[in-house]
Amino acid sequence: MSVVAVKPYDFPARDRRENFPAPLLYIGWEDHLMFASPVCLPLPPDTPFGALVQGVLPGVYGEHPDFAKIDWSQVEWFKSGQPWTPDPAKSLQANGLQHKDAIRFRTPGLTGIQGTCS
């Protein structure tokens, strides 16, 4: 559904990159609705993708019983809904991630608490 402004829109957007301490990245875990929506994290663009997986995601999703069972070599990644293969050695920026991008990951064989997607 498109939006039509009734008056001129002549002021700067407040969600611009320079208004945040670091670029925002939305991250969601497929089939795990215990986390009903993606989390939004300010992450420096030079953060290695591998550090996101090993250092950031455990603090976000680590309490879920499936998290410890994840085989990271089998995880399927999506960027803006499309299959995507990040390079863990490269930075978020070098992996093509920018302010307010959305990524999701699917963990084959893990579908939430007792298979309920929760």
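Above: the structure in question.
Described below are features of the structure shown in this document. (Residues numbered from 1 in each chain as written. Predicted model: local features only at pLDDT ≥ 70, side-chain atom pairs only at ≥ 80, totals over all residues. Heavy atoms only, no water.)

**Some words on the pattern of salt bridges**
- All chains considered together, the criterion is met by six salt bridges.
- The partner of R16 in a salt bridge is E18, with the nearest N and O atoms 3.0 Å apart.
- Residue R16 is classed as partly exposed on the basis of its relative accessible area, which comes to 33%.
- E30 is paired through a salt bridge with R104; the nearest N and O atoms lie 2.2 Å apart. In this pair, E30 sits in the loop between β1 (24–29) and β2 (39–42) while R104 sits in strand β5 (residues 101–106), placing the two residues 74 residues apart along the sequence.
- Put simply, E30, E76, R104 and R106 are held in one network by salt bridges that share partners. (Salt bridge = Lys/Arg side-chain N within 4 Å of Asp/Glu carboxyl O. Buried < 20%, exposed > 50% of the residue type's maximum accessible area, 1.4 Å probe, protein only. Helix = DSSP H or I, 4+ residues; strand = E, 2+ residues; numbered from the N terminus.)

**Some remarks on helix α1 (residues 49–61)**
- Where α1 bends most, at G55, the angle is about 30°, and the proline P58 comes one to four residues later.
- Looking at α1, one finds that the buried residues are F49, L52, V53, L57 and Y61. (Bend = angle between axes of the 7 residues up to and from the residue.)

**With respect to the environment of S2**
- Mapped onto the secondary structure, S2 falls in the segment before β1.
- The exposure class of S2 is exposed, given its relative accessible area of 64%.
- A C-alpha to C-alpha distance of 29 Å links S2 and L33, two positions 31 residues apart in sequence.

**A closer look at the nonpolar core**
- If you look at the biggest cluster of nonpolar residues, it comprises 21 residues, and the most contacted ones within it are I27, F49, L52, L57, W77, I103 and F105.
- Here this core gets five residues from one element, more than from any other, and that element is α1.
- The residues touching I103, leaving out its near neighbours within four places in the chain, are L25, Y26, I27, G28, F49, L52, W77, F78, K79, W84 and L97. (Core = buried A, V, L, I, M, F, W, Y, C linked by side-chain atoms within 4.5 Å. Contact = heavy atoms within 4.5 Å.)

**Structural notes on the packing of aromatic side chains**
- All chains considered together, the criterion is met by 12 aromatic pairs.
- Ring plane angle 65° and centroid distance 5.8 Å describe the contact between F67 and W72, whose orientation is recorded as edge-to-face.
- On the basis of relative accessible area, F67 is assigned to the buried category, the value being 10%.
- Between W72 and W77, the aromatic rings sit 6.4 Å apart at their centres with planes inclined by 20°, giving stacked as the arrangement.
- An aromatic cluster of three or more residues is present, and its members are W29, F35, F49, Y61, F67, W72, W77, W84 and F105. (Phe/Tyr/Trp six-rings, centres within 6.5 Å; stacked < 30°, edge-to-face > 60°.)

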